[in-house]
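Each chain is listed here by its residues.
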Amino acid sequence: MRHLSEIGDATAVRRALAAGALLLAFVLTACSKPAAPPPASAQVTSQSSRAAPTEQFLIGVLPLATAADTPAYLGDGIARHLSDALARTPALAIIAPASAFRLRDSAELTPQIGQRLGATHLLRGKLTQRGDRLLLDLDFVRAGDGQSLWHETLDRSAAELPGLAELIAARIAAVLKVSRVALATAPDLPPGGSALAFDALLKGEWAMQRGDPAAQQAALGFFANAIAIDPRWGRPHAMQALVRLRQLALRDAAAGPVEALREQARLDTEAALRLDPSDPLAHRVRALWLGDVALDAVSAEQEIRSGLALQPDDPALLGMLAVRQTGFGQMEAAAATLRQALRRDPLSASMLYQMGYVELALVDYSQAETALRRARDLEPRLPLVHAFLAVALFQQNRTREAIDAARSEPLPLWREYALAMAYWAAGDRANSEAALQALIRDHGRDAPTQIAGIYAQRDDREALFHWLDVARRSGDPGIVEIRYMPFLARYADDPRFKAILRDLDIAGTGASPDK
């Protein structure tokens, strides 16, 4: 299953036709309009060495509105880094910016926004830049009734930009009467305190959110500038690695040769960890490189857990852990991890998609449908969602709805895959065969595992193992998913299936969940 929680613009994503369903999820960034959140989910116990914070204070930091002559990247950047600063306060829990930022233009009342995010408190405000002065008008409110607990207008020089988030986080901690340990140097702040380096980082982060190839190249330039100003700073190296991994995932030809990109991403991840091993993002990008480039799933999971030891409620790391748990066949553990991640990132379409996929593997088709519909409502053009929604529907004998869902899938590869299965479930053998042959004709080289899955639904054992052999010999990345893809998993007792798992060195169960 391909992960999608860091997906860029839809046009770029649709070019990534050949990958499996989950291997890519956290390399790309999703940006979309606000939509109804999923219901609150129970948090599971973290497996890391540091306890996750309680949810007595679950804070959503909304993006700062900006005056007409104030750069928008500053408002978003300060809000994003304020979330990071608050997350370093042990007694506080934070809604992921990806979810909070969906509500930037919401006209809803504070209690409604709080309910959509599942937040107990909200911070909102406005930023105005006047020359070298930054004016922040901030309001920290209780979400349940909208009561203001702290309101202040801060007037600071642009040179104080790197310390603004820490200053505001300290004020909020004081209002809530919780202790906060100030760090000498936080991972997202330049060790030398340079406002120019920090400003370059904010510009790079802003460019990344645009998602298009030109913006990604611009982001690399901004991060390189931050490194040039402060070579001791690990965070911009981690961000460079994230961009390059995204370029690899989207097969961006303009980014340069694949091997050079892979090597530079490796060097960036190593530099990020060497310069700041306390940065959870450095562990996240290292895990991405290990899992998606080096194809070392076990080491990738170990790196994820190292990041969670530093920040146990990080939804991106939790989502990545769920992907690895899924890959090792630990479906119940993956579902529990995703519920924890969704508590922090409730409007994540990609996380809901991932939950739907896991529920399919757990044969809970009603819950899978619910999660996938919510993902679709948040991101109507999100790849793969319609395809697997079709599977959830025809498994409930709602074949007409399944065919309609399959037809709405934006990726041709997955549209033909879903249609072949939905038509077969409806007893329409002619249209099913037509969709399968179209898939073989157009994507026989890059979708052999999916083709095998269609033959598995048909109980054509010889054809499915022929295509699994094609997948194994061609290095199809989707083959690592055969233990939980629809219909393929029921052949797990076949000696040929076991031999494939041994050949891929994924026959084990991965790290124990209690490690």
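Please refer to the structure placed before this passage.
Keep in mind that this is a model prediction, so the values were computed, not measured. (Residues numbered from 1 in each chain as written. Predicted model: local features only at pLDDT ≥ 70, side-chain atom pairs only at ≥ 80, totals over all residues. Heavy atoms only, no water.)

A. View of the packing of aromatic side chains. Using the criterion set out here, one finds eight aromatic pairs in the structure. Taking 5.8 Å as the distance between ring centres and 80 degrees as the angle between the ring planes, the aromatic pair formed by Tyr 357 and Tyr 484 counts as edge-to-face. You can see Tyr 357 sitting in helix α14 (residues 349-361) and its partner Tyr 484 sitting in the loop between α21 (461-474) and α22 (495-504), a full 127 residues away along the chain. According to the relative accessible area criterion, Tyr 484 is buried, its value standing at 6%. Through successive ring pairs, a cluster of aromatic residues spans Tyr 353, Tyr 357, Phe 388, Trp 414, Tyr 417 and Tyr 484. The ring of Trp 424 carries Arg 429 above its face, with NZ or CZ at 3.8 Å from the centroid. Positioned above the aromatic ring of Phe 465 is the side chain of Arg 496, whose terminal nitrogen or guanidinium carbon lies 4.2 Å from the ring centre. (Phe/Tyr/Trp six-rings, centres within 6.5 Å; stacked < 30°, edge-to-face > 60°. Helix = DSSP H or I, 4+ residues; strand = E, 2+ residues; numbered from the N terminus. Buried < 20%, exposed > 50% of the residue type's maximum accessible area, 1.4 Å probe, protein only. Lys NZ or Arg CZ within 6 Å of the ring centre and 35° of its normal.)

B. Expanded view of helix α15 (residues 365-378). For α15, spanning 14 residues, the distance from its first C-alpha to its last is 20 Å, which sits close to the expected 20 Å at 1.5 Å a residue. When we look at burial in α15, the residues that qualify are Tyr 365, Ala 368, Glu 369, Ala 371, Leu 372, Ala 375 and Leu 378. (Expected span 1.5 Å × (residues − 1).)

C. Inspection of α22 at higher detail. Listed in full, the buried residues belonging to α22 are Phe 497, Ile 500 and Leu 501. Down the axis, α22 shows its buried residues gathered within 100 degrees of arc, on one side only. Turned more than 90 degrees off the buried face of α22, the exposed positions are Pro 495 and Arg 502. Where the residues of α22 are buried, they touch α21. Taking the backbone nitrogen of Arg 496 as reference, a side-chain oxygen 2.8 Å away marks Asp 494 as the first, capping residue of α22. (Arc of directions from axis to C-beta. Contact = heavy atoms within 4.5 Å. Polar contact = N/O pair within 3.5 Å; in protein donor to acceptor, adjacent residues only side chain to side chain.)

D. Structural context of the side chain of Glu 369. Tracing the chain through its elements places Glu 369 in helix α15. On the basis of relative accessibility, which here comes to 9%, the residue Glu 369 falls in the buried class. At 2.8 Å, the side chain of Glu 369 forms a polar contact with the side chain of Arg 398. In contact with Glu 369, other than residues within four places in its own chain, are Leu 389, Ala 392, Leu 393, Gln 396 and Arg 398.

E. Structural view of the pattern of salt bridges. The full count for this structure, using the stated rule, is 37 salt bridges. A salt bridge links Asp 377 to Arg 376; the nearest nitrogen and oxygen atoms lie 3.1 Å apart. In this structure Asp 377 comes out as partly exposed when scored by relative accessible area, which is 47%. The network of salt bridges with common partners includes Arg 88, Glu 166, Arg 180 and Asp 188. (Salt bridge = Lys/Arg side-chain N within 4 Å of Asp/Glu carboxyl O.)

F. Structural context of the environment of Arg 398. For Arg 398, the position within the fold is in the loop between α16 (385-394) and α17 (399-407). With relative accessibility at 26%, the residue Arg 398 sits in the partly exposed group. Along the primary structure Arg 398 and Ala 425 are separated by 27 residues, whereas in three dimensions their C-alpha atoms are 9.2 Å apart. In this view, Arg 398 contacts Glu 369, Arg 373 and Leu 393; residues no more than four positions away in its chain are not counted.

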